[in-house]
Amino acid sequence: MNQLDGYDGDGWLARVSRRRFLALVGLSASASLMAACQPAPPPAPKPTSAPAAAPGSAPAGVPTSAPAAAPAAQPTTAPAAAGRPGGELVVANLDEPVSLDPLNMNGFALPAANLVYDRLVMLDNNLKVHPALADSWEASPDGKAYTFKLKRNAKFHDGTPFNAEAVKSNLDRLTTPSLKGNFKINIGGFYERTEVVDEFTARVQLKQAFAPFLFGLAEGLYAMVSPTAFQKFGKDYDRNPVGTGPFIFEEWVSKSHVAARKNPDYNWASSMFKHQGPAYLDRVSVRLIPDAQIRMTTVETGEVHFAVDIPPDQLTRLQQVPKVQVISISAPGPSGKADLNARQPPLDDLRVRQAMNWAMDKEEMCKILFNGAFTPARTPLQPGTFGYDESLSEIYPRTDLDKARQLLDEAGWKPGADGIREKDGKKLEVTVNIVSSSIQALPIKWAEVYQAQLREVGIQYTPKQFDTAALFATLTEGSEMVTFSPGSASVDPDEFRSLLHSAFIGKSAAQRTGYKDPHLDELLEQGAAEQDQTKRKAIYREIQEIMLKQALIVPMWVRKNTYLQRDNVRDVIIDWQSWPGFYDAWLA
């Protein structure tokens, strides 16, 4: 039995149309679901005192002081009066972190990183900004400076005090030329300097107003690290994280687990959480379990308490399993998509990229991969995300194989004897990058379905296997063709700046399109700085229109984030980035 057998009870190949069966069975690959970096948020902030708005509407402005506390993201169970101290929580994650240095992390690191680190501010699922390491803040009238009043009792796990000098040290790292950050909301291009006003007051000066600034600071990528530890470990800090968080890093055993123990001195949690003081749990272990079937099984047997990234087509079955709870949450952000590299032949021809859009049968893909739990996407953003515009779905309103074939004919690619098109003695082959360190079924099945669909118009679609670190290096250098991007939670379309702005070509793994257009660069910069909500929506509509008309992506599905937990787990919080947090969590 190969890794695909037994992925669901119905047998997914049975749901593939007969005409595609032969193409599907020819592909065998091992793969992993690749997390998209990190999230982003709705339009940011004019310097007023109004709190941020909910997804789908623009925030009224940046709070001039810390807003009142509100409930954190969605508790996975009914709240209890108080947590029960003690015990170890075991979490199943789907892949290896690239790093535990916040500025170098990928999304897979967040379940572990959220244990160790705190941020200046926090964001709840209503997109309301809350104090964290910053007790309060004030924005200047022009939106170019933010003054933060800091907590006075916080300290890093190595004893280093948290103060304005620590904030300056952390944010100054944004200007480091060697920075490998895989950002969603990229503050780096707007950051100028941090002034130490006094020991517990830091003023951050921006080069220009940046709408999602506070939302960016609420990302895991901008968590505060110990300046002492960073200097001590240097390049090895990636595997030796030291933060101010509720848990202290213990160990990272490659391909096995990351573990952290309770910080007994912790007494500076954000007011958005349900309790103050040390965490309830004694220890949290984040196991690396790439196989989705094994992740589900370990929760069902009780070996693991909580698992991320559960296949949506398994939800109906899992809802009948005793002693487990299924969590399915819709989140704003980009649609599941394939990112196309416009610099790499044959994708440097617009007609080939457009043909790949017309050839994708999204209805069939959602039925095969998700048993209908996900729905087709025809726009870059999901409903409920700031900037979402349904009218953009008319650019590729349906599958049109004849249109795809016509475009390939015009591009000079003629059908060969085996059905694959040829030009100047070369086959029309497109490669897709898949992480080989995992046997996660979704990307394998996605590649097989899309391979069969593209073969019908004469395109050979071939997976290339990488481990996570190698893939990030390849993405940065820009030698990939297609990157599988299943979607990640984001609340602001500024994340498209990292994907599309030419300044990031060759510098960031997030810039996967290789597309260089001064007008698009200008729009991305305007969108980041514009504080008028109506104007900002118009800017992002034009950006999305360019993405679709230039076929820089292939939208695929509107996703949900799915998790599985034992029924004795209480008060896990799924944050706005769609990753779990365990500070409030306890075992009944």
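Data block above holds the structure.
What you see is a predicted model, and the numbers here were worked out from it, not measured in a lab. (Residues numbered from 1 in each chain as written. Predicted model: local features only at pLDDT ≥ 70, side-chain atom pairs only at ≥ 80, totals over all residues. Heavy atoms only, no water.)

Undergrad: A description of the environment of His257 should follow, citing residues and the corresponding values.
TA: Relative to the helices and strands, His257 is located in strand E10 (residues 257–262). Every residue in contact with His257, bar those within four places of it in the chain, is listed here: Glu251, Trp252, Ser285, Val286, Arg287 and Leu288. Among the polar contacts listed, one links the side chain of His257 to the side chain of Glu251, at a separation of 2.7 Å. Among the polar contacts made by the side chain of His257, one reaches the side chain of Ser256 at a distance of 2.8 Å. (Helix = DSSP H or I, 4+ residues; strand = E, 2+ residues; numbered from the N terminus. Contact = heavy atoms within 4.5 Å. Polar contact = N/O pair within 3.5 Å; in protein donor to acceptor, adjacent residues only side chain to side chain.)

Undergrad: Tell me about the pattern of salt bridges, and please be specific about residues and values.
TA: Within this structure, the stated rule accounts for 30 salt bridges. For the salt bridge of Asp135 with Lys151, the shortest nitrogen-to-oxygen distance reads 3.2 Å. Here Lys151 lies in the loop between strand E6 (145–150) and helix H3 (164–172) and Asp135 lies in strand E5 (residues 134–139), a separation of 16 residues in the sequence. Classification of Asp135 by relative accessible area gives partly exposed; the value is 39%. (Salt bridge = Lys/Arg side-chain N within 4 Å of Asp/Glu carboxyl O. Buried < 20%, exposed > 50% of the residue type's maximum accessible area, 1.4 Å probe, protein only.)

Undergrad: Describe in detail the packing of aromatic side chains, supporting the description with residues and values.
TA: How two aromatic rings sit relative to each other is given by the distance of their centres and the angle of their planes. Per the stated rule, a full pass over the model turns up 18 aromatic pairs. Aromatic pair Phe230 and Tyr237: ring centres 5.8 Å apart, planes at 70 degrees, arrangement edge-to-face. The class of Phe230 is partly exposed, set by a relative accessible area of 25%. Here the guanidinium or amino end of Arg239 rests over the ring plane of Trp252, the centre of that ring lying 3.8 Å away. (Phe/Tyr/Trp six-rings, centres within 6.5 Å; stacked < 30°, edge-to-face > 60°. Lys NZ or Arg CZ within 6 Å of the ring centre and 35° of its normal.)

Undergrad: Would you mind going over the pairing of E6 in detail, with residue names and values included?
TA: Buried residues dominate E6, accounting for five of its six residues. Summarising the sheet, E5 and E6 pair through five bridges and their orientation is antiparallel. Within the sheet, the bridge partner assigned to Glu138 lies in E6 and is Thr147. Count of turn residues in the E5/E6 antiparallel hairpin: five residues, of which Gly143 carries a positive phi of about 75 degrees. Note: E6 against strand E8 (residues 201–206), five bridges, orientation antiparallel. (Pairing = 2+ DSSP bridges.)

Undergrad: Quick one: what's the story with the nonpolar core, residue by residue and with numbers?
TA: Leu120, Phe148, Phe162, Phe213, Leu217 and Phe582 are the most contacted members of the largest nonpolar core, which totals 84 residues. Once residues lying within four places of it in the same chain are set aside, the contact partners of Phe582 are Leu89, Val91, Pro111, Leu115, Phe247, Leu281, Val284, Phe306 and Val572. Grouped together as the second largest cluster of nonpolar side chains are 44 residues, Leu392, Ala447, Tyr450 and Leu454 included. (Core = buried A, V, L, I, M, F, W, Y, C linked by side-chain atoms within 4.5 Å.)

Undergrad: So, helix H10 (residues 401–410): which residues are in play, and what are the values?
TA: Turning to H10, its buried residues number three or more, namely Leu401, Ala404, Leu407 and Leu408. Viewed along the axis of H10, the buried residues span an arc of 125 degrees, placing them on a single side of the element. For H10, the elements touching its buried residues are helix H8 (350–359) and strand E17 (421–423). Put simply, Asp400 is the residue that caps the front of H10, since its side-chain oxygen is 3.3 Å from the backbone nitrogen of Asp402. (Arc of directions from axis to C-beta.)

Undergrad: How would you explain unusual backbone geometry if you had to name every residue and give the values?
TA: Each neighbour pair has its own omega, and for Pro345 with Pro346 the value is 0 degrees, a cis peptide bond. Structurally, the position occupied by Pro346 is in the loop between strand E14 (336–340) and H8. Here the phi dihedral of Asn371 falls at roughly 55 degrees; this positive angle occurs in a residue that is not glycine. Position of Asn371 relative to the elements: it lies in the loop between helix H9 (362–370) and strand E15 (375–376).

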